[in-house]
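Structure at a glance
Given next are the chains, with one letter for each unit.
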Amino acid sequence: MSAIDCVDTIAEVRAGLDAARSRGASIGFVPTMGALHEGHLALIREARDRDDVVVVSIFVNPTQFNAAEDLAKYPRDLDRDLALAAEAGADLVFAPQVAEMYPPGATTWVDVEGLTEGLCGAARPGHFRGVCTVVTKLFNIVGPDRAYFGEKDAQQLAVIKRMVRDLDMRLEIVPCPTVRETDGLAMSSRNVRLTPEARAQAPLLYRALTEALVAVENGERDAVRLKAGICGVLADADLARIDYVEVVDAETLQPVVSVDRPVLIAVAVFFGDVRLIDNVTVGV
Ligand code: PAF
């Protein structure tokens, strides 16, 4: 077992952080669903560099899953996660049970409209409502000065930034760059579920995105042609089934016709029942 403090009640988190807060220590927070990988550890290390106290939550949030089967398959290994979080510099882990987060009769939801309807929101109705609700609850429990989110989940990051702005939440959201395997595949807890054949093809996602970036650098501005180029690269992955390939305004997440402002080029691709997402941003 690791020496890190791990608590599972809201009261214990609050009691554990009260002293730090009253001596003026800053609190950095990294919300996770566990199955920690280098992407999460980079967030924890960033929080360690910037904040006095680092809190990590590990909670597989049922309200953001569309299928009970996906929830059941989500990898869980608390002892391993605690050891990794401690090594990366976390001080406290909050790992609640579902009943602690959603007591019987809980009926309040946080819904960010507009930004949540396209991209991943189109295929996963209610997903972002679940994310925003649990993240709001976690912010209320931990009371962080800063919370750290990965840019791999670009839509989640945009939605949470908007929620924090719209609801006047008193914290800073710190975006952190996507961490990649050496072959370019974005780190994700889902990667372990890829078959060896799918794992061999999955780096094509990032290759397709980087080729799109090169095309933009070479003057391509047309969103349809950029998307066609990405689909062309992905066609080499015979196990891949495209969910979406989109070029959207980086702030509103609305599709654009032309790359004439900062955009997000985002893809979601299924390999069997494993859905991978990735993105790049273009500043212009
Ligand atoms: O990105 C995740 O792991 C989850 O969506 C989050 C932010 C921890 C909320 O459950």
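Below is a short write-up of the structure.

What counts, and at which threshold
- Residues numbered from 1 in each chain as written.
- Predicted model: local features only at pLDDT ≥ 70, side-chain atom pairs only at ≥ 80, totals over all residues.
- Heavy atoms only, no water.
- Core = buried A, V, L, I, M, F, W, Y, C linked by side-chain atoms within 4.5 Å.
- Buried < 20%, exposed > 50% of the residue type's maximum accessible area, 1.4 Å probe, protein only.
- Helix = DSSP H or I, 4+ residues; strand = E, 2+ residues; numbered from the N terminus.
- Contact = heavy atoms within 4.5 Å.
- Axes fitted to C-alpha atoms, helices over the stretch in contact; angles between N-to-C directions.
- Parallel < 35°, antiparallel > 145°, perpendicular 65-115°, else oblique.
- Nonpolar A, V, L, I, M, F, W, Y, C, P; charged D, E, K, R; others polar.
- Pairing = 2+ DSSP bridges.
- Phe/Tyr/Trp six-rings, centres within 6.5 Å; stacked < 30°, edge-to-face > 60°.
- Lys NZ or Arg CZ within 6 Å of the ring centre and 35° of its normal.

A word on the nonpolar core. Counting 48 residues, the largest nonpolar core has Phe-139 and Ile-173 as its most contacted members. Per-element accounting of this core gives the leading share, nine residues, to helix 7 (residues 127-142). With residues near it in sequence (within four places) discarded, Ile-173 still touches Phe-139, Ala-147, Phe-149, Leu-157, Ile-160, Lys-161 and Val-164. With 29 residues, the next largest nonpolar core counts Leu-226, Val-245, Val-256 and Ile-265 among its residues.

Further remarks concern the packing of helix 1 (residues 10-22) against helix 7. Two numbers describe how helix 1 lies on helix 7: the axes approach to 8 Å, and their chain directions differ by 50°. Considering their axes alone, helix 1 and helix 7 lie oblique with respect to each other. Taken together, the residues of helix 7 that come into contact with helix 1 (itself represented by Ile-10, Val-13, Arg-14, Leu-17 and Arg-21) are Asn-140, Ile-141 and Val-142. The residue inventory of the contact of helix 1 with helix 7, partitioned by class, reads five nonpolar, one polar and two charged.

Spatially, six strands are ordered 1-4-3-2-5-6 in an open sheet, and the strand pairing comes out parallel. Each edge of the open sheet is held by one strand with a lone partner, namely strand 1 (5-7) and strand 6 (172-176). With strand direction ignored, the average angle separating the axes of adjacent strands in the sheet is 25°. When strand 3 (residues 53-58) meets strand 4 (residues 92-94), the two strands line up parallel, connected through three bridges. Each bridged residue has a counterpart across the sheet, and for Val-56 the counterpart in strand 4 is Val-93. Taken strand by strand, helix 2 (residues 38-50) contacts strand 2 (27-32), strand 3, strand 5 (146-150) and strand 6, and its axis lies near 150° from that of strand 5. Its contacts with the sheet put helix 7 on strand 2, strand 3, strand 4, strand 5 and strand 6, and the angle it makes with strand 2 is roughly 150°.

Further remarks concern the environment of Ala-186. Along the polypeptide, Ala-186 turns up in the loop between strand 6 and helix 9 (196-201). Taking the C-alpha atoms as reference points, Ala-186 and Asp-278, separated by 92 residues in sequence, lie 6.8 Å from one another.

All chains considered together, the criterion is met by four aromatic pairs. Considering the side-chain rings of Phe-29 and Phe-139, the 6.3 Å spacing of their centres and the 75° angle between planes classify their relative orientation as edge-to-face. With a gap of 110 residues between them, Phe-29 in strand 2 and Phe-139 in helix 7 connect regions that are remote in the sequence. Across the pair, exposure class does not vary: Phe-29 and Phe-139 are buried alike. Pairing Phe-65 with Tyr-74 gives two aromatic rings, centres 5.7 Å apart and planes at 80°, and the pair type is edge-to-face. For Phe-65, a relative accessible area of 14% gives the class buried. We classify Tyr-74 as buried; its relative accessible area is 14%. Here the guanidinium or amino end of Arg-241 rests over the ring plane of Phe-270, the centre of that ring lying 4.4 Å away.

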